[in-house]
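# Chain and residue survey
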Amino acid sequence: MNTFTVHLQDVAQTLRVGDVVSFVGQDAGGEFAVWARHERMMTSLSYGLARYRTADERWHYLVMPGGLLYFLDNELFIATRRFFLDDDAERIVGSLERQLRSEEQELRVLKQNLEHFEQELLRRMWHMELERRGSK
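Read on for an overview of the structure. It should be emphasised that the depicted structure is a prediction, and the values quoted were computed from it without experimental measurement.

## Structural notes on the environment of D56
Among the structural elements, D56 can be located in the loop between β4 (41-54) and β5 (59-72). For the pair formed by D56 and V20, sequence separation is 36 residues and the distance between their alpha carbons is 9.1 Å.

Dropping the structure here:
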């Protein structure tokens, strides 16, 4: 059986997986598969779920917020901001949903903080303008 190596890298971790038979991912053109001895390729992965099968016939699921895929010399490299890996598709989808909810909450808080900052900045600028006019 022909296999290849997958290298996964995000900001916190690097993982090398050998004996991979196939990789299935998605880019702007849709779903695609990579097999051993695939020709050189590079693509931008879409946000979501990908998977790969190892020589022991097991599927492994990978969730990531997009990334860059590069295949060269029978090695597949994936660079992403963050990835989650699990052998259970339902469990990893649940992890993805929890992560998305958490990130949405963080964005809401960030937006609120930014709005408060803008309001305070405008208030200070207004007071400075009033002081400047009053000193004339």
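## Things to note about the nonpolar core
Residues F4, F23, L62, L69, L76 and I78 are the most contacted members of the largest nonpolar core, which totals 20 residues. When residues of this core are traced back to their parent elements, those giving at least two are β1 (4-9), β2 (14-27), β3 (30-35), β4, β5 and β6 (75-79). Ignoring any residue separated from it by four or fewer positions in sequence, one finds L62 in contact with L8, F23, G48, L49, A50, I78, F83, F84, L85 and I92.

## Some points on the environment of R132
Turning to its location among the elements, R132 is positioned in helix α1 (residues 89-134). Given a relative accessible area of 41%, R132 falls into the partly exposed group. For the pair R132 and L45, spaced 87 residues apart in the sequence, the C-alpha separation amounts to 54 Å.

## What about the side chain of S22?
Take S22: it is sitting in strand β2. The exposure class assigned to S22 is buried, which follows from its relative accessible area of 2%. Not counting chain neighbours up to four residues away, the residues in contact with S22 comprise F4, V34, W35, R51, Y52, R53 and W59.

## Here we look at the packing of aromatic side chains
The tally for this structure, following the rule as stated, stands at two aromatic pairs. Ring centres 5.4 Å apart and planes at 80° place the aromatic pair F4 and F71 in the edge-to-face group. With F4 in strand β1 and F71 in strand β5, this residue pair connects regions lying 67 residues apart in the sequence. In this structure F71 comes out as buried when scored by relative accessible area, which is 0%. Here F23 and F32 contribute two aromatic rings whose centre-to-centre distance is 6.5 Å and whose plane-to-plane angle is 45°, an arrangement assigned as tilted.

## A short note on a nonpolar patch on the surface
Taken together, L114, F117, L121, L122 and M125 make up a surface patch of nonpolar side chains, about 530 Å² in accessible area. As for its position among the elements, F117 is in helix α1.

About the criteria used
- Residues numbered from 1 in each chain as written.
- Predicted model: local features only at pLDDT ≥ 70, side-chain atom pairs only at ≥ 80, totals over all residues.
- Heavy atoms only, no water.
- Helix = DSSP H or I, 4+ residues; strand = E, 2+ residues; numbered from the N terminus.
- Core = buried A, V, L, I, M, F, W, Y, C linked by side-chain atoms within 4.5 Å.
- Buried < 20%, exposed > 50% of the residue type's maximum accessible area, 1.4 Å probe, protein only.
- Contact = heavy atoms within 4.5 Å.
- Phe/Tyr/Trp six-rings, centres within 6.5 Å; stacked < 30°, edge-to-face > 60°.
- Patch = residues over 30% accessible without salt bridge, like charges linked within 9 Å, V, L, I, M, F, W, Y side chains within 5 Å.
- Areas by Shrake-Rupley, 256 points an atom, 1.4 Å probe, with all protein chains shown as cover.
- Salt bridge = Lys/Arg side-chain N within 4 Å of Asp/Glu carboxyl O.

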